[in-house]
Amino acid sequence: MSTETSRIRVTDLSGVLRVEFVDKDILDEAAIRQISTELLKRVEAAPSPRMLISFRGVEHLSSAALGTLITINSLTKKRGGQLRLSDIKPSIMEVFTITKLNKLFQIFETSEKALEGFGGK
Amino acid sequence: MTLQPQPVVEGSVRLLEINAEIERVQNSIAETLSQHSYSDAAMFAIRLSLEEAMMNGFRHGNLADPSKFVEVRWRIDSNSANFHVIDEGEGFDPGAVPDPTLDENLEIPSGRGLMLIRAYMSDARYHDPGNHLEMTFRKVAK
């Protein structure tokens, strides 16, 4: 099942929620708030949420977007679940490295690799 | 072959937090940088730093007051791009911002804008009282 809001696409892959972004730039604060609200609602709705956020096609990311990812990661862990990230292009990966958030998140090269052992298909 | 030198481009704008306007300014600056042969990596660095600087101005400087402006001034030539981002707030002490890369701060969801600016720009400094950020990207030496 796939549902689309104005900013993200969420697909349920046998219990793993795969999230993709509609926009190539995740900079706009209002958009980030909207994405955050949607994702937090998804995490809160699952007993042990497993979420994969794919950055395929994303070219710019602000610190506000990083903040949202941190919040989602914390809530996911608190609820006994797991968040994985994938498909991050090198320029954006550098943002994760500079902020040392590559130590906090589980980051995979591709969605396929991230789904391995994650229980989704 | 001798490349035609590109003229120095200067500009300024006073912005309210209307995102369409911010994007228009970002696109205009990106076009100027492209005309001056800045690399994709440089343009990424400058777009991100400008976004973070403007958002800090609106959020932390102007405290999200929709009637307050953030002023952006720029001067771009073929070697460097210099920006001033000035908000209407009272200023702050940039030295008092906790280091977000420390293990104990990694899970705090805010406070990374300034460190990204410092990482990506060649030079970034606040003028007193701390509501005026000047930042420069130089093509050669970082």
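Throughout what follows, the structure given in this document is the object of discussion. (Residues numbered from 1 in each chain as written. Chains lettered and ligands numbered in written order. Predicted model: local features only at pLDDT ≥ 70, side-chain atom pairs only at ≥ 80, totals over all residues.)

Of the regular secondary structure elements, chain A holds four helices and eight strands. Beginning at the N terminus, the succession of helices and strands in chain A can be written as β-β-β-β-α-β-β-α-β-α-β-α. On C-alpha atoms alone, chain A measures out to a radius of gyration of 13 Å, which is about the 14 Å that the 2.2 N^0.38 rule sets for 121 residues. Across the 121 residues of chain A, 38% fall into the buried class. (Helix = DSSP H or I, 4+ residues; strand = E, 2+ residues; numbered from the N terminus. Rg over C-alpha atoms; globule rule 2.2 N^0.38 Å. Buried ≥ 20, exposed ≤ 12 C-beta atoms within 10 Å, placed from the backbone.)

Counting secondary structure elements, chain B contains three helices and five strands. Traced from its N-terminal end to its C-terminal end, chain B shows the element sequence β-α-α-β-β-α-β-β. Taking 142 residues into account, the globule formula puts the C-alpha radius of gyration at 14 Å, and chain B, at 16 Å, falls close to it. Out of the 142 residues in chain B, the part that is buried amounts to 32%. Looking at chain B alone, contacts between residues at least 24 apart form 62% of all its contacts between residues at least 6 apart. (Contact = placed C-beta atoms within 7 Å.)

Counting residues at the interface gives 21 residues for chain A, matched by 19 residues for chain B. When contributions to the side of chain A that touches chain B are tallied by element, the ones reaching two or more residues are α1 (29-45), α2 (63-78) and α3 (90-98) of chain A. Per-element tally for the side of chain A that touches chain B: the top contributor is α2(A), with seven residues. The residue makeup of the side of chain A that touches chain B, split by class, is nine nonpolar, eight polar and four charged. (Nonpolar A, V, L, I, M, F, W, Y, C, P; charged D, E, K, R; others polar.)

So, about the packing of helix α2 (residues 40-61) of chain B against helix α3 (residues 113-120) of chain B. Residue and element names in this part refer to chain B. Contact geometry of α2 with α3 gives a least axis separation of 9 Å together with a crossing angle of 150°. In terms of their interaxial angle, α2 and α3 are classed as roughly antiparallel. Our pair here, α2 against α3, has a crossing hand that is left-handed. Of α3, the residues touching α2 (which contributes A45, L48, S49, E52, A53, M55 and N56) are G113, L114, L116, I117 and Y120. Tallied by class, the residues present in the contact of α2 with α3 amount to eight nonpolar, three polar and one charged. (Axes fitted to C-alpha atoms, helices over the stretch in contact; angles between N-to-C directions. Parallel < 35°, antiparallel > 145°, perpendicular 65-115°, else oblique. Left-handed = near helix turned anticlockwise from the far one by under 90°.)

Residues and elements named next belong to chain A. Following both chains from N to C, one finds α1 and α2 inclined at 10°, their axes separated by 10 Å at the closest point. Comparing the axis directions of α1 and α2 gives the class roughly parallel. For the pair α1 and α2, the contacting residues are E29, I32, I35, S36, L39, L40 and V43 in the first and A64, A65, T68, T71, I72, L75 and T76 in the second. Tallied by class, the residues present in the contact of α1 with α2 amount to nine nonpolar, four polar and one charged.

If you look at the biggest cluster of nonpolar residues, it comprises 60 residues, and the most contacted ones within it are A:L52, B:M54, B:V85 and B:I117. If you tally residues by element for this core, the top one is α2(B), at eight residues. (Core = buried A, V, L, I, M, F, W, Y, C linked by C-beta atoms within 7 Å.)

Turning to α2(A), a few remarks are in order. Side chains three or four residues apart in an α-helix point the same way, a direct result of the helix having 3.6 residues per turn. Residue and element names in this part refer to chain A. Here α2 spans 23 Å end to end across 16 residues, near enough to the 22 Å set by a 1.5 Å rise per residue. For α2, the complete set of buried residues consists of S63, A64, A65, L66, T68, L69, I70, I72, N73 and T76. Backbone geometry just downstream of α2 places G80 in the positive-phi region, at approximately 80°. (Expected span 1.5 Å × (residues − 1).)

Residue and element names in this part refer to chain A. In terms of burial, strand β5 (residues 50-54) is a largely internal element, five of the five residues being buried. Here β5 shows a buried face lined by R50, L52 and S54 and a second buried face lined by M51 and I53. Relative to β5, strand β3 (residues 16-21) is paired through five bridges, and the arrangement is parallel. Considered in β5, the bridge of L17 is made with M51. Where β5 lies against strand β7 (residues 82-86), five bridges are found, and the strand directions are parallel. Residue pairing across strands places R50 opposite Q82, the latter belonging to β7. (Pairing = 2+ DSSP bridges.)

Residues and elements named next belong to chain B. Looking at the secondary structure, you find H127 in strand β4 (residues 123-127). Taking the C-beta count within 10 Å as the criterion, H127 has 12 such neighbours and is therefore assigned exposed. On a C-alpha basis, the gap between H127 and G91 in space is 9.1 Å, while along the polypeptide they are 36 residues apart. Discounting residues that sit within four places of it in the chain, H127 has contacts with H132 and E134.

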